[in-house]
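Chain and residue survey
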Amino acid sequence: VRITLDGETITSCQMGDATLNFPDGLIHRADFASRIGGSFDVYLPHADGSLEKTAGALSMQRAHSPRDVLAEMFALSERNGDSALPAGACENDILGVSVANGVCTVNFTADFYRRALLMNAEEERGCVYAIVNTLCAMKEISGVRILVEGVAVESFGGEIYLKALLLPTLPSKESEETPAY
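Not measured: the values here are computed from a predicted model.

**Points about the nonpolar core**
- Among the nonpolar cores identified, the biggest contains 40 residues, and Leu70, Met73, Phe74, Phe108, Leu135, Val144 and Phe156 are the most heavily contacted of them.
- Within the residue set of this core, elements represented by two or more residues are strand S5 (37–45), strand S6 (51–59), helix H3 (66–80), strand S8 (103–108), helix H4 (110–116), helix H5 (121–136) and strand S9 (143–148).
- Considering every element that reaches this core, the biggest residue donor is H5, with eight residues.
- Filtering out sequence-adjacent residues up to four positions away, Leu135 remains in contact with Pro66, Leu70, Cys104, Val106, Ile141 and Val144.

What follows is the structure, given as structure tokens:
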């Protein structure tokens, strides 16, 4: 795109503290893409325990927020329809998310936990590793701890021990679209 103002081609613009220059007068989408929004990897859990890797997009600030990325994973999974997340899982089930020394701690509501207890082994595997893989796809996160109302619980459905640090991995039934770690 070329923009002219009073007959003069715009060759620079101020954006916050940065000045963007367009020496040839052409403004390209790539000049602004990193300043408008951000993308992130999301692993959507399916009822058979498999994961589907896809990309999500949010505003730049929200794309770097583990809480917002997790909430978006819940929303995308709900729209997908074949979710292994507990029925009705949504942003309100996330009490808090913090990151320290590469470990992301996620605190869920007791209601989320009650619904998670109803999952079978495949759904539990899909749910846990969708959360872990999605968060560990973020640069600053290498492992995840899951709490319920501030307390470490043993498991959701009896298959995956949740009191330990969880690292990204794949369920035994992996989607063709999900890369191996």
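**Thoughts on H5**
- For H5, which comprises 16 residues, the first-to-last C-alpha distance of 22 Å matches the rise-based estimate of 22 Å (1.5 Å per residue) to within 8%.
- With 13 of 16 residues buried, H5 is to be regarded as a mostly interior element.
- By the N-cap criterion, in which a side-chain oxygen at the helix start approaches the backbone nitrogen of a residue two or three places on, H5 is capped by Asn120, the distance to Glu122 being 3.0 Å.

**Let's talk about the packing of aromatic side chains**
- Applying the stated criterion across every chain yields a total of five aromatic pairs.
- Taking the centre distance of 6.2 Å and the plane angle of 10° together, the rings of Phe74 and Phe108 count as stacked. Of this pair, Phe74 sits in helix H3 while Phe108 sits in strand S8; the two residues are 34 residues apart in sequence, bridging distant segments of the chain.
- The buried category is assigned to Phe74, whose relative accessible area is 1%.
- Following the ring pairs from residue to residue traces out a cluster consisting of Phe74, Phe108, Phe112, Tyr113 and Phe156.

**Quick word on the state of the cysteines**
- Per the counting criterion, the structure on display carries zero disulfides.
- Here Cys104 is not disulfide-linked; the sulfur of Cys136 is the nearest cysteine sulfur, at 7.9 Å.

Conventions used here
Residues numbered from 1 in each chain as written. Predicted model: local features only at pLDDT ≥ 70, side-chain atom pairs only at ≥ 80, totals over all residues. Heavy atoms only, no water. Core = buried A, V, L, I, M, F, W, Y, C linked by side-chain atoms within 4.5 Å. Buried < 20%, exposed > 50% of the residue type's maximum accessible area, 1.4 Å probe, protein only. Helix = DSSP H or I, 4+ residues; strand = E, 2+ residues; numbered from the N terminus. Contact = heavy atoms within 4.5 Å. Expected span 1.5 Å × (residues − 1). Polar contact = N/O pair within 3.5 Å; in protein donor to acceptor, adjacent residues only side chain to side chain. Phe/Tyr/Trp six-rings, centres within 6.5 Å; stacked < 30°, edge-to-face > 60°. Disulfide = S-S within 2.5 Å.

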